[in-house]
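# Descriptive analysis of the structure
Spelled out from the first residue to the last, the chains are:
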Amino acid sequence: MTTNEVIDLLNHARVLELVAITQYMNHYYRVKGSTYEEAQEIFKSAAMMEMKHAEVLAERINLLGGDPLSDLNKVMQHYGKALSFPDDVNEMMKVDLSLEHTAINEYTSAIAKVANTDPVTRRLFEEILEVEEGHADSFASYLGEKAAFELQEFKKYQAAA
Ligand SMILES: [Fe+2]
Ligand SMILES: [Fe+2]
């Protein structure tokens, strides 16, 4: 991989983080009342972690000489679809779990791609991936789902790397 390709991977990850921040914070603000304290905490704490991820990705991009994507118009263009703002708390959890699945798959793929060329970025992606798995588990647990995600995707990405 070239440095520019690594920067593109980092920016691609940043898009997912910026989308997650906006979507989760919207959900956090819109579930009101003591009945939803658990849900509020899940949305808020996940969003705060995504902010940290967006920041460390930007720092890595800067260090590699790239420009962190931060223009929201460009971010949404890159994301290519609308954010999900359902009214029902379970629907919120479902769309957020889906976003975490996307993140888990993208980070898993990115780790395989940079594995042999950029060990620092690889470690960064691995650290973030571990947190995303925790988020998936939080959303899935709220919904009463036993497994937050499946590992079979990893083999697919390994084969493609
Ligand atoms: Fe994240
Ligand atoms: Fe996450």
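The structure this text deals with has already been given above.
Residues numbered from 1 in each chain as written. Chains lettered and ligands numbered in written order. Predicted model: local features only at pLDDT ≥ 70, side-chain atom pairs only at ≥ 80, totals over all residues. Heavy atoms only, no water.

On a plain count of helices and strands, the protein comes out with 6 helices and 0 strands. Secondary structure elements in the protein, listed N-terminal to C-terminal, are α-α-α-α-α-α. Along the longest, intermediate and shortest principal axes, the C-alpha atoms of the protein span 50 × 35 × 25 Å. With 161 residues in all, the protein has 42% of them scored as buried. With the model as given, the accessible surface of the protein reaches about 8800 Å², and the carbon-plus-sulfur share is 50%. A distance of 2 Å separates the average location of the 15 positive side-chain charges in the protein from that of its 27 negative side-chain charges. (Helix = DSSP H or I, 4+ residues; strand = E, 2+ residues; numbered from the N terminus. Buried < 20%, exposed > 50% of the residue type's maximum accessible area, 1.4 Å probe, protein only. Areas by Shrake-Rupley, 256 points an atom, 1.4 Å probe, with all protein chains shown as cover. Lys, Arg positive; Asp, Glu negative; His and termini not counted. Charge placed at Lys NZ, Arg CZ, Asp CG, Glu CD.)

Taken together, Glu50 (OE), Glu100 (OE), Glu100 (OE), Glu132 (OE) and His135 (ND1) make up the full set of protein donors to the iron ion (ligand 2), lying 2.0 to 2.5 Å away. Each donor residue of the iron ion (ligand 2) belongs to the same chain, with the gaps between them written as E-x49-E-x31-E-x2-H. A separation of 3.9 Å is found between the iron ion (ligand 2) and the iron ion (ligand 1), which share Glu50 as a coordinating residue. Note that Glu100 is positioned in helix H4 (residues 89–114) and Glu132 in helix H5 (residues 119–142), a separation of 32 residues in sequence. Like Glu132, Glu100 is buried. (Donors = N, O, S within 2.8 Å, 3.2 Å for Na, K, Ca; no water.)

A few words on the packing of aromatic side chains. Any aromatic ring pair is given by two values, namely how distant the centres are and how the planes are angled relative to each other. The tally for this structure, following the rule as stated, stands at 4 aromatic pairs. Their ring planes at 65 degrees and their centres at 5.3 Å tell us that Tyr24 and Phe139 sit as a pair that is edge-to-face. Here Phe139 lies in helix H5 and Tyr24 lies in helix H1 (residues 3–30), a separation of 115 residues in the sequence. We note that Tyr24, like Phe139, is buried. Among the aromatic residues, ring-to-ring pairing joins Tyr24, Phe43 and Phe139 into one connected group. (Phe/Tyr/Trp six-rings, centres within 6.5 Å; stacked < 30°, edge-to-face > 60°.)

Turning to the coordination of the iron ion (ligand 1), a few remarks are in order. Around the iron ion (ligand 1), the donor atoms from the protein are Glu17 (OE), Glu17 (OE), Glu50 (OE), His53 (ND1) and Glu132 (OE), and they sit 1.9 to 2.4 Å away. Expressed as a motif, the donor residue spacing for the iron ion (ligand 1) is E-x32-E-x2-H-x78-E.

Turning our attention to the pattern of salt bridges. What the rule picks out here adds up to 6 salt bridges. Residue Arg123 is joined to Glu127 by a salt bridge in which the shortest nitrogen-to-oxygen separation is 3.9 Å. You can see Arg123 and its partner Glu127 sitting in helix H5, 4 residues apart, about one turn around the helix. A relative accessible area of 47% means that Glu127 is categorised as partly exposed. (Salt bridge = Lys/Arg side-chain N within 4 Å of Asp/Glu carboxyl O.)

Two measures define how a pair of helices packs: the angle their axes make with one another and the distance between the axes. Contact pair H1 / H5: the axes reach a minimum separation of 13 Å and the direction vectors enclose 25 degrees. On the basis of the axis angle, H1 is roughly parallel to H5. In this structure, the crossing between H1 and H5 has a hand that is left-handed. Residue-level contacts link Val6, Leu9, Leu10, Ala13, Glu17 and Tyr24 of H1 to Thr121, Leu124, Phe125, Ile128, Glu132 and Phe139 of H5. Here the residues of the contact of H1 with H5 sort into 9 nonpolar, 1 polar and 2 charged. (Axes fitted to C-alpha atoms, helices over the stretch in contact; angles between N-to-C directions. Parallel < 35°, antiparallel > 145°, perpendicular 65-115°, else oblique. Left-handed = near helix turned anticlockwise from the far one by under 90°. Contact = heavy atoms within 4.5 Å. Nonpolar A, V, L, I, M, F, W, Y, C, P; charged D, E, K, R; others polar.)

Moving on, we get to the environment of His78. In this fold, His78 is placed in helix H3 (residues 72–79). The class of His78 is partly exposed, set by a relative accessible area of 40%. Sequence spacing of His78 and Tyr36 is 42 residues, and the spatial spacing of their C-alpha atoms is 33 Å. Those residues in contact with His78, other than ones at most four positions away along the chain, are His12, Val15 and Leu69.

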